[in-house]
Amino acid sequence: MINAVNDGVWSGTWVAQRLGLELMGDDELTELLGLALRRNPKRAHLLVSNVLGKHVPQSPSVVYGYGFALGRRVRELLGTEEADEAVVLGYAETATGLGHSVADGIGSAPYLHSTRRPVAGVTAAGGFEESHSHATSHLLLPENPALLAGDGPLVLVDDEFSTGNTVLNTVRDLHARYPRRRYVVVALVDMRSAADAGRLEAFAAEIGARVDLVAAASGTVRLPEGVLEKGQALVARYEAESAAGGASSAAGASGPVAQFPAPLEGVHGSAPSGARGTARQAPTDPHPAVRRIDLLWPRDLPDGGRHGFTPAHRTRLEAALPAMVARLADALPEGARRVHVLGFEELMYAPLRLARELEQVVEAEVRYSTTTRSPVLAVDDPGYAIRSRMAFPAHDDPADGPGERYAYNVAGAGFDAVVAVVDSAADTPELHAPDGLLAQLAVHTPHVLLAVVPSYVPERPSMLPEPLRGPAFSSYAPEEVGWLLQDLSDVTLEAPTEEREEAIQSGGAHYAESLPVEYQPSEQYQELFHAALGTTATRIAQAVGAVTELVLAERSPRPVLVSLARAGTPVGVLMRRWAQFRHGLDLPHYAVSIVRGRGIDANALRWLAAHHDPADVVFVDGWTGKGAITRELADAIEEFEASDGITGFDPEIAVLADPGSCVRTYGTREDFLIPSACLNSTVSGLISRTVLRADLVGPHDFHGAKFYRELAGADVSVDFLDAVAACFPEVTEAVDAQAKELLSADRAPTWEGWAAVERISEEYGIHDVNLVKPGVGETTRVLLRRVPWKILARAGAGADLDHVRLLAEQRGVPVEEVGELPYTCVGLIHPRYTRGATGADGKAVNV
């Protein structure tokens, strides 16, 4: 089946005899490889694979079988656990189908291949150079960069492993971006020299990773001295003889002269010229026009691995293949004995699978190969691997401009029908032109069929809008903060507190899908806020200064402040004001949404990464409770890196107060009243809590929020900022001393707050830490937004809890004094909430 010999002669004999080459190694090397010549300043000879399906028509079962078998060997090498985490990367253009087949053999491995075709709107996630190739630049264009960012092994697949340069270049580029512990290199043949063989091991030690090699066969090519010059001279001589003899015409700048042998027995018509625009002799046998076949390729199924091919894609393809192949078989001419399926450059896997399935259902002999960019000399000799060459214009509008493309060993092979399979990007006028591929095929076969597979282009997010700013959105000055949110002010989102609580605790809704009715403070409560602000402004100013100095000293000299809306936003504005007051820095400041259980707004991160260095971003919040948002942010950043391949964001939050001991960057760890926690939107620029609901927030939208313009009369947002900033001059010395002390202190988080919350959850029979809200700020939120059960207050807590006691009295919630409590107070949400647990007056019922 391999057809390694022609008329009993090895297909490398012609080159080996004329250049003095020797193929040394495994016995099966001569079955797998033939030899040819090409015009190349780096290597004149070409190893021509008999089982790759590129230059030599071959049984598709043989082609697919070799790749699949290599994949099974990789799975055996890795073991089931690591194999299930592996990702396969194939090389364009020759190994795209081989890599697919290897991924199939591994089992559940997703697949990506490099490409030389840029795709508008798709950003490259990497690239590398192939030093010995005629076309060197490779792009990596995954729809989901997580394919490159995981921890599992990366399996790199190429048709041959010659010097190792291509693999080293790839791993070097990818390891710098997405380091892994293990790589596996897979090739049909390992042809490295003894000197090159040691480089892979040394490189693995250099990067601190394991690198294994799996190949179907191994050996080397022994090259005599001066072989490159001798090969170039041989190519030049045969080109000149061909040109003088009129067997072919001069090629363009892309490659050597094409030598077309006389038609072999069974060929329909005579051989064409290789040059575009040259008149060709009409075939002696009439042939019909090209027939187009509609495969009914599944909607949104990728045509290959250019942008990634997942196990789910593989399942869809397997299910669709029988019906597509049935349409293909029905279109074949009656009585066809030999059928060739011709793929197109990087589009190797789809035509390979079609050909393999066709081979199972028709009586005809089926062969498979693809067109290529690679210019190779053709010599009609049984001992030479490339017996014939067809040259035709590129027909996919390539980025590097027009040029010749080639199909080898198709002309003169006596096929009764040729099925050309191209993607829709290549179904162009050039394909159908008088000198195009289809016309050239028609000279050599009586039946040409065309199957077009839709070119898959990932749906990319639309251009993200610029941040919202006051006064159009929020009562803050436009330079104080940019909101990476969408305005949902015209949407009714508010629901009564008891209805929201019932839906949240029953699992019927997420808290971020609706908004509580904005609390309208009584006159007495407003007086408490202003009194608290008067007594704590200096304390807050000192904490603002201290945390800002830590950020400037340890995180970035010019940080990009990104506050977690909305509690973090007043703190972010104050930190920005301190940097301006103390250092003359005009720091950018944005507000983004983070939702417990849903993570941070990934589109906001994309916007930030497009406009700033992620390493300069410092996330800011008001305070820590038990540290849930701290953990949420860390998990969300890790997930974002995996999905988008964008690294550099530091999930460490900078907070004004860290009573829970959850972070390293803070102004204080005392649990005291921060007046901005006393109110909702009226101290936060009149902006609501953020909203994330599927019918309002699409996959490419920022999270939403409302601007409560109607509450302008009660707005104290700027009053709060101005009162604290006015204290900056008087706390400067204290800030310097505190920052110096903090910078030299051990600030490692102890998470003692989390431990306390777990203890309280069990002691009070709640059994859900999400219903325990520790600290003055979180307790205030419970009383304003949720259905509170009871408040735990540290014995002896004074004025810091005046507003809490007032709110608790208004809602009929008991306040229990507790002797040992790491927080000033803790708010408990009603653990068994139903409508019946709330009285007619809306107050909680004690249980």
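Parameters and conventions
- Here the residue numbering is sequential within each chain, running from 1 through the sequence in written order.
- Restriction of local features to residues with pLDDT of at least 70 applies here, the model being predicted, together with a cutoff of 80 or more for giving and counting side-chain atom pairs; totals for whole chains, interfaces and linings are based on all residues.
- Side-chain figures throughout are based on the complete set of non-hydrogen atoms in the structure, without hydrogens or water.
- We count a stretch as a helix when DSSP gives it H or I for four or more residues in a row; a strand needs E for two or more, and each element gets its number in order from the N terminus.
- Whether a residue is buried, partly exposed or exposed follows from its accessible area with a 1.4 Å probe, protein chains only, as a fraction of its type maximum: under 20%, in between, or over 50%, in that order.
- Any two residues whose heavy atoms approach within 4.5 Å at even a single point are treated as in contact.
- Each accessible area value is a Shrake-Rupley result obtained with a 1.4 Å probe; residue values ignore everything except the protein chains displayed when judging cover.
- Pairing of aromatic rings covers Phe, Tyr and Trp, the last counted by its six-membered ring, and requires centre-to-centre distances within 6.5 Å; plane angles under 30 degrees mean stacked, over 60 mean edge-to-face, and any other angle means tilted.
- Criterion for a salt bridge: a side-chain nitrogen of Lys or Arg within 4 Å of a carboxyl oxygen of Asp or Glu.
- When DSSP finds two or more bridges between a pair of strands, those strands are recorded as paired.
- Note on definitions: angles span 0 to 180 degrees between N-to-C directions of axes, and those axes are lines fitted to C-alpha atoms, for helices only across the stretch in contact.
- Residue-level confidence of the predictor, termed pLDDT, takes values from 0 up to 100.
- Only buried residues count toward a nonpolar core, which is a set of Ala, Val, Leu, Ile, Met, Phe, Trp, Tyr and Cys residues joined through side-chain atoms within 4.5 Å.
- Call a crossover right-handed when, viewed with both strands pointing away from you, the route from the first strand across the helix to the second goes clockwise.
- Roughly parallel here means an angle under 35 degrees, roughly antiparallel means over 145, roughly perpendicular means 65 to 115, and every remaining angle is called oblique.
- Crossing chirality is assigned from the near helix's rotation relative to the far helix, an anticlockwise turn below a right angle marking it left-handed and a clockwise turn marking it right-handed.
- Amino acid classes used here: Ala, Val, Leu, Ile, Met, Phe, Trp, Tyr, Cys and Pro are nonpolar; Asp, Glu, Lys and Arg are charged; the rest, including Gly, are polar.
- The arc in question is traced by the directions running from the helix axis to the C-beta atoms.
- Patches here: salt-bridge-free residues with over 30% relative accessible area, like charges joined within 9 Å, nonpolar side chains (Val, Leu, Ile, Met, Phe, Trp, Tyr) joined within 5 Å.
- Charged-residue counts in this description rest on Lys and Arg as positive and Asp and Glu as negative, His and the chain ends being excluded.
- A single reference atom marks each charge: NZ on Lys, CZ on Arg, CG on Asp, CD on Glu.

Caption draft 1: Just the overall build of the protein, in detail. On a plain count of helices and strands, the protein comes out with 23 helices and 34 strands. Looking at the protein residue by residue over its 847 residues, the buried ones come to 59%. Partitioning the contacts of the protein with sequence separation of at least 6, the portion at a separation of at least 24 is 77%. When the accessible surface of the protein is totalled, it reaches about 31900 Å², and 50% of it is carbon and sulfur.

Caption draft 2: Geometry of the packing of aromatic side chains. Per the stated rule, a full pass over the model turns up 13 aromatic pairs. On the basis of an interplanar angle of 80° and a centroid distance of 5.1 Å, the ring pair of W14 and Y384 is categorised as edge-to-face. Linking W14 in helix α1 (residues 13-19) with Y384 in the loop between β15 (365-370) and β16 (389-393), this pair joins segments that are 370 residues apart in sequence. Y384 shares its class with W14; the two are buried.

Caption draft 3: The arrangement of the pattern of salt bridges in detail. Counted by the stated rule, this structure contains 37 salt bridges. A salt bridge links R356 to E357; the nearest nitrogen and oxygen atoms lie 3.6 Å apart.

Caption draft 4: Focus on the sheet that holds strand β19 (residues 448-453). Spatial ordering of the open sheet is given by β13-β19-β18-β14-β15, a layout of 5 strands whose pairing is parallel. On the outer flanks of this sheet lie β13 (291-293) and β15, each paired with one strand and no other. Adjacent strand axes in the sheet meet at a mean angle of 25° when their direction is disregarded. Bridge analysis of strand β14 (residues 338-343) against β15 gives 6 bridges, and the strand direction is parallel. Residue G343 lies in a different strand from β15, and its bridge partner there is T370.

Caption draft 5: Here's a closer look at the side chain of S717. With respect to the element layout, S717 can be found in helix α19 (residues 717-725). If near-sequence neighbours (up to four positions away) are discounted, S717 is found in contact with S475, Y476, S681, T682, V683, S684, G685 and L686.

Caption draft 6: Looking closely at the confidence of the model for the protein. In the predicted model, the protein carries a mean pLDDT of 84, and 86% of its residues have values of at least 70. Counting contacts from residues 246-287, a segment whose pLDDT is below 50, to residues more than four positions away or on other chains yields 102 contacts. Note that residues 503-510 has pLDDT below 50 and, in this model, 15 contacts with residues that lie over four places away or in other chains.

Caption draft 7: Focus on the sheet that holds strand β7 (residues 111-113). As summarised here, the arrangement of the 6 strands in space is β3-β12-β11-β10-β6-β7, forming an open sheet in which the pairing is mixed. Across the chains shown, the open sheet's two edge strands, defined by having one partner strand only, are β3 (22-25) and β7. Adjacent strand axes in the sheet meet at a mean angle of 25° when their direction is disregarded. When β3 meets strand β12 (residues 210-222), the two strands line up antiparallel, connected through 4 bridges. Across the sheet, M24 pairs through a bridge with T220, a residue of β12. Across the sheet, helix α7 (residues 165-177) is in contact with β6 (87-90), β10 (154-161) and β11 (182-190); its angle to β10 comes to roughly 160°.

Caption draft 8: Quick peek at the nonpolar core. Of all hydrophobic cores here, the largest spans 134 residues; its most connected members are L37, V155, V186, L358, Y384 and L441. Dropping the residues within four chain positions of it, L358 is found in contact with V325, L328, A329, L332, V339, V341 and V366. Within the second largest apolar cluster, 77 residues are counted, among which are A543, V547, L656 and L696.

Caption draft 9: How the structure looks around the pairing of β6. Residue alternation in β6 divides its side chains into two sets, V87 and L89 and V88 and G90, and both sets are buried. Bridge count between β6 and β10: 4 bridges; the pairing is parallel. Paired with G90 across the strands is V157, a residue of β10. For β6 and β7, the ladder comprises 3 bridges, and the chain directions are parallel. Of the residues in β7, the one forming a bridge with L89 is L112. The parallel pair β6 and β7, bridged by helix α5 (residues 96-106), forms a crossover whose chirality is right-handed.

Caption draft 10: Summary view of the packing of helix α17 (residues 602-611) against helix α18 (residues 628-644). Viewed as axis vectors pointing N to C, α17 and α18 meet at an angle of 70°, and their least axial separation amounts to 11 Å. With respect to each other, α17 and α18 are oriented roughly perpendicular. Crossing of α17 against α18: the hand is right-handed. Residues A602, L605 and R606 of α17 form the contact with α18, whose participating residues are I637, F640 and D644. A class-by-class count of the residues in the contact of α17 with α18 yields 4 nonpolar, no polar and 2 charged.

Caption draft 11: A look at helix α8 (residues 194-207). Listed in full, the buried residues belonging to α8 are D196, L200, F203, A204 and I207. In a view along the axis of α8, the buried residues occupy a sector of 100°, so they form one face of it. The exposed set on the far side of α8, more than 90 degrees from its buried face, consists of A194, A195, E201, A205 and E206. Taken together, the buried residues of α8 touch β10, α7, β11 and β12. Note on α8: the residue one or two positions beyond its end, G208, has a positive phi of about 70°.

Caption draft 12: Here's a closer look at the packing of helix α15 (residues 523-555) against α19. Close contact between α15 and α19 brings their axes to 8 Å; oriented N to C, the two are set at 60°. Comparing the axis directions of α15 and α19 gives the class oblique. Between α15 and α19 lies a crossing of right-handed hand. From α15, L533, A537, I540 and A541 reach across to α19, where they touch D719, F720, A723 and V724.

Caption draft 13: Seen up close, unusual backbone geometry. A cis amide bond links A92 to the next residue, E93, at an omega of -5°. Checked against the element boundaries, E93 lands in the loop between β6 and α5. Residue R566 follows A565 across a cis peptide bond; omega there is 5°. Despite not being glycine, D397 has its phi angle at roughly 50°, a positive value.

Caption draft 14: Spatial organisation of α5. For α5, the buried fraction is high: 11 of the 11 residues fall into the buried class. Just downstream of α5 lies G107, where phi reads positive at about 120°.

Caption draft 15: Focus on the side chain of D190. For D190, the location among the structural elements is in strand β11. Non-local contacts of D190, meaning those with residues more than four positions away in its chain, are made with F161, L213, A215, A217, S218 and G219.

Caption draft 16: Spotlight on a negative patch on the surface. A grouping of E81, E85, D151, D635, E638 and E639 is seen on the molecular surface, where their side chains present a negatively charged patch. In terms of residue count, the dominant contributor to the negative patch is α18 (3 residues). As for its position among the elements, D151 is in the loop between α6 (146-149) and β10. Here D151 falls in the exposed class, since its relative accessible area comes to 57%.

Caption draft 17: Local environment of the environment of S59. Assignment of secondary structure puts S59 in the loop between β5 (45-49) and α3 (60-78). By relative accessible area, S59 is classed as buried at 0%. When the C-alpha positions of S59 and R367 are compared, they lie 4.8 Å apart, and in sequence the two are 308 residues distant.

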